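# Descriptive analysis of the structure
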Amino acid sequence: MGIWIAIEYSSSNRNNAYFLGNERFAGSYFNLYFQWQNDIPILGKYIYRNIGIFGEGPMYSLNLSIAFLLDYLINEDRSKFRYIVYIITIISTISTTGILLVSLAVTYKLVFSNMSRSNLTKVIVIAPVAIFFLYFISNKLISQKLETASGSTRMDDYIAGFKAWRIHPIFGSGFNNIELRQQFSSSVRLSRSATGFTNSIMSVLINGGLYFFATYLYTFYYWIKKGIANRNITVAIYLIIYLFLTTTFENTAVMLAIIAYTIANMIKGNQD
């Protein structure tokens, strides 16, 4: 985070070419930190998004968001310092998805996690204000997002993905079948990034159909069921589902680790 702030006001010493949907060029600092996304205006100035070690800000935000959820809602080792670092770093990626997730998680923990009938102040006064605040922030962020090229790209991906999935709904069209999806993508979408995609759910359905999707669906169902006794787990898994619907990470180590951990818990539960 501190490195990002420092280099925001300095110049890169190298220029690297790489492929991310289309050929792009990224400035680098001794090939240790890279920057190229300066597509978001802040107070009239275009600043570079903090991408960490990833190819773009949203991917960095995704990994930070999952780590933040597990630490903030599940981990019993509390640390306000860690939470602040998470939140500031997620904001620095300028990812609407990440910022909205942080707003939801923090509001839940501060307002709703300990709310009960005995605490009428929270129920009558604070809760409605928090709900209005969340609605205002969510509506503002989503409206701004949909007006950008990134927002139109996401909508195009949902539509193209749904049309591609209908071709082979049960078993899908094969792993990483980009060509089928591209047949239904708009020319504007393809010109922005021909091979990129922006959500996990349609990617899973296109590649493996309902058969492949059942693994993910049962993973989410398992933790929602386990969360009946722990509201924090329920909120965490619902926010991970939110990431699954808005970000593509279905085949990453993070998602596979969640599935593997679920299977391990199921096996342990059966043995007990």
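Quick look at the structure, then.

### Overview of the overall build of the protein chain
Of regular secondary structure, the protein chain possesses eleven helices and five strands. Across the 272 residues of the protein chain, 44% fall into the buried class. When contacts within the protein chain are restricted to residue pairs at least 6 apart in sequence, long-range pairs at least 24 apart make up 57% of them. Surface accessibility of the protein chain: about 15400 Å² in total, with carbon and sulfur atoms responsible for 66%.

### Some points on the packing of aromatic side chains
What the rule picks out here adds up to 13 aromatic pairs. Note on Y72 and Y83: the rings are 4.9 Å apart at their centroids and 85° apart in plane angle, and the pair reads as edge-to-face. Of the two residues, Y72 is situated in helix α2 (residues 57-74) and Y83 in helix α3 (residues 80-92); the sequence distance between them amounts to eleven residues. The burial state of Y72 is the same as that of Y83; both residues are buried. Members of the aromatic cluster, joined through ring pairs, are F212, Y216, F220, F244 and F249. Geometry around Y72 places K109 over its ring, the cationic atom sitting 4.6 Å from the centre.

### Side note on the pattern of salt bridges
This structure, assessed with the given rule, holds three salt bridges. A salt bridge links R82 to D71; the nearest nitrogen and oxygen atoms lie 2.7 Å apart. With R82 in helix α3 and D71 in helix α2, the pair connects residues that are eleven residues apart, well separated along the chain. Residue R82 is classed as partly exposed on the basis of its relative accessible area, which comes to 25%. Across the salt bridge formed by R82 and D77, the nearest N and O atoms sit 3.9 Å from each other. When salt bridges that share partners are traced, they join D71, D77 and R82 into one network.

### Here we look at the packing of helix α6 (residues 149-165) against helix α9 (residues 200-226)
It is the contact of α6 with α9, at a shortest axis distance of 9 Å, that shows an interaxial angle of 5°. As judged from the angle between their axes, α6 and α9 are roughly parallel. Taken together, the residues of α9 that come into contact with α6 (itself represented by Y158, G161, F162, A164 and W165) are M202, L205, I206, G209 and L210. Taken together, the residues that form the contact of α6 with α9 break down as eight nonpolar, two polar and no charged.

### Looking at the nonpolar core
Of all hydrophobic cores here, the largest spans 50 residues; its most connected members are F68, F220, F244 and M255. Breaking this core down by element, the ones donating at least two residues are α2, α3, α4 (96-112), α5 (120-146), α6, α9, α10 (231-246) and α11 (253-271). Per-element accounting of this core gives the leading share, ten residues, to α9. In this structure F244 touches N199, S200, I201, V204, F213, Y216, F220, F249, E250 and M255, once residues within four positions along its chain are discounted. Formed by five residues, the second largest nonpolar core is a distinct cluster that contains A26, Y29, Y33 and W36.

Conventions and cut-offs
- Residues numbered from 1 in each chain as written.
- Predicted model: local features only at pLDDT ≥ 70, side-chain atom pairs only at ≥ 80, totals over all residues.
- Heavy atoms only, no water.
- Helix = DSSP H or I, 4+ residues; strand = E, 2+ residues; numbered from the N terminus.
- Buried < 20%, exposed > 50% of the residue type's maximum accessible area, 1.4 Å probe, protein only.
- Contact = heavy atoms within 4.5 Å.
- Areas by Shrake-Rupley, 256 points an atom, 1.4 Å probe, with all protein chains shown as cover.
- Phe/Tyr/Trp six-rings, centres within 6.5 Å; stacked < 30°, edge-to-face > 60°.
- Lys NZ or Arg CZ within 6 Å of the ring centre and 35° of its normal.
- Salt bridge = Lys/Arg side-chain N within 4 Å of Asp/Glu carboxyl O.
- Axes fitted to C-alpha atoms, helices over the stretch in contact; angles between N-to-C directions.
- Parallel < 35°, antiparallel > 145°, perpendicular 65-115°, else oblique.
- Nonpolar A, V, L, I, M, F, W, Y, C, P; charged D, E, K, R; others polar.
- Core = buried A, V, L, I, M, F, W, Y, C linked by side-chain atoms within 4.5 Å.

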